[in-house]
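The primary structure of each chain is shown beneath.
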Amino acid sequence: MNIIHVIVLAVIEGLTEFLPVSSTGHLVVASAIMGIGKDEFVKLFEIVIQLGAILAVVVLYFKRFFRSVDFYIKLIIGVIPAVIFGLLLKKKIDILLESPLVVAVAFVIGGVILLFVDEWFNKPTIDDEKEITYLTALKIGLFQCLAMVPGVSRSGASIVGGMTQKLSRKAAAEFSFFLAVPTMFGATLKDLYDFYKHGNMAAADLHQDIKYLLIGSAIAFIVALLAIKSFITFLEQKGFRLFGIYRILAGIVIIILYYSGNVLHTV
């Protein structure tokens with residue numbers, strides 16, 4: 001992994017983390033195309049830069065994070081399913097993260113769903129996080145767990161989950177952003193601990209590893225700042241259909257590349 005890889009992956013992460021297109025899926029495919037092997041540091045890097053992008057939410061919605069204690073209770077309840085399933089299925093998830101084909105199939109299935117989701121859930125009654133109940137937060141958290149399969153999209157799964165619970169597109173998107181903060185913070189701490197515990201922080205590479213993590217996180221953070229507001233505006237005006245079309249086309253292209261040569265067989 002070199003500095004060009006770091007920049008490319010970080011930009012991709014910042015652009016896609018909050019779109020219903022799966023940042024993890026894009027990172028898996030981009031890594032394969034660039035020939036980056038899936039060693040332990042690359043896996044750690046992809047998790048840490050996701051946290052960098054997520055921190056953009058804290059900056060943009062800073063006041064919302066000081067609204068009430070009730071806000072944090074909802075986030076804790078919403079993140080519980082991800083914690084449980086993440087601990088139980090971590091080894092299987094790590095295997096899936098190495099497969100561009102899994103990403104492609106998830107892209108297509110998710111794309112088909114996004115083509116129709118605006119029609120299925122077009123009568124929202126909740127337009128603000130304050131109206132979300134604890135039970136609703138838990139249900140949205142369960143939907144978020146679907147994103148453990150690379151290509152599903154954490155934001156997409158949790159936004160659609162919110163819409164099934166009568167949230168407006170904007171309210172569902174914003175709660176998805178808020179829910180990402182404790183989810184990705186916990187995932188990053190866990191991966192950093194595992195990386196350290198398994199002795200992967202070799203002194204010879206430590207300086208470069210830290211440099212890549214900091215640069216990648218900073219770039220993802222800046223790009224995400226620019227992407228979030230644009231996404232909310234687009235979502236309110238246009239809905240999900242364009243994202244559905246993109247996912248289906250991207251999935252088909254990945255499948256063609258996978259079966260037509262060695263382009264996506266490098267991970």
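Below or above, wherever it landed, is the structure these notes cover.

Conventions we followed
- Residues numbered from 1 in each chain as written.
- Predicted model: local features only at pLDDT ≥ 70, side-chain atom pairs only at ≥ 80, totals over all residues.
- Heavy atoms only, no water.
- Helix = DSSP H or I, 4+ residues; strand = E, 2+ residues; numbered from the N terminus.
- Buried < 20%, exposed > 50% of the residue type's maximum accessible area, 1.4 Å probe, protein only.
- Areas by Shrake-Rupley, 256 points an atom, 1.4 Å probe, with all protein chains shown as cover.
- Contact = heavy atoms within 4.5 Å.

### Observations regarding the overall build of the chain
Tallying secondary structure elements over the chain gives 10 helices and zero strands in all. Helices and strands in the chain line up, N terminus first, as α-α-α-α-α-α-α-α-α-α. Within the span of the chain, comprising 267 residues, buried residues form 50% of the whole. Split by element, the accessible area of the chain, about 12600 Å² in all, is 70% carbon and sulfur.

### As for the environment of leucine 60
On the secondary structure map, leucine 60 appears in helix α3 (residues 40-60). Judged by relative accessible area, leucine 60 falls into the partly exposed class, the value being 29%. Taking the C-alpha atoms as reference points, leucine 60 and lysine 229, separated by 169 residues in sequence, lie 8.7 Å from one another. Apart from the residues within four sequence positions on either side, leucine 60 is in contact with Leu225 and Ile228.

### Notes on the environment of valine 117
The topology assignment puts valine 117 in helix α5 (residues 100-120). Expressed as a C-alpha distance, the spacing of valine 117 and glycine 244, which sit 127 residues apart in the sequence, is 9.5 Å. The residues contacting valine 117, other than those within four sequence positions of it, are Val160, Met163 and Phe240.

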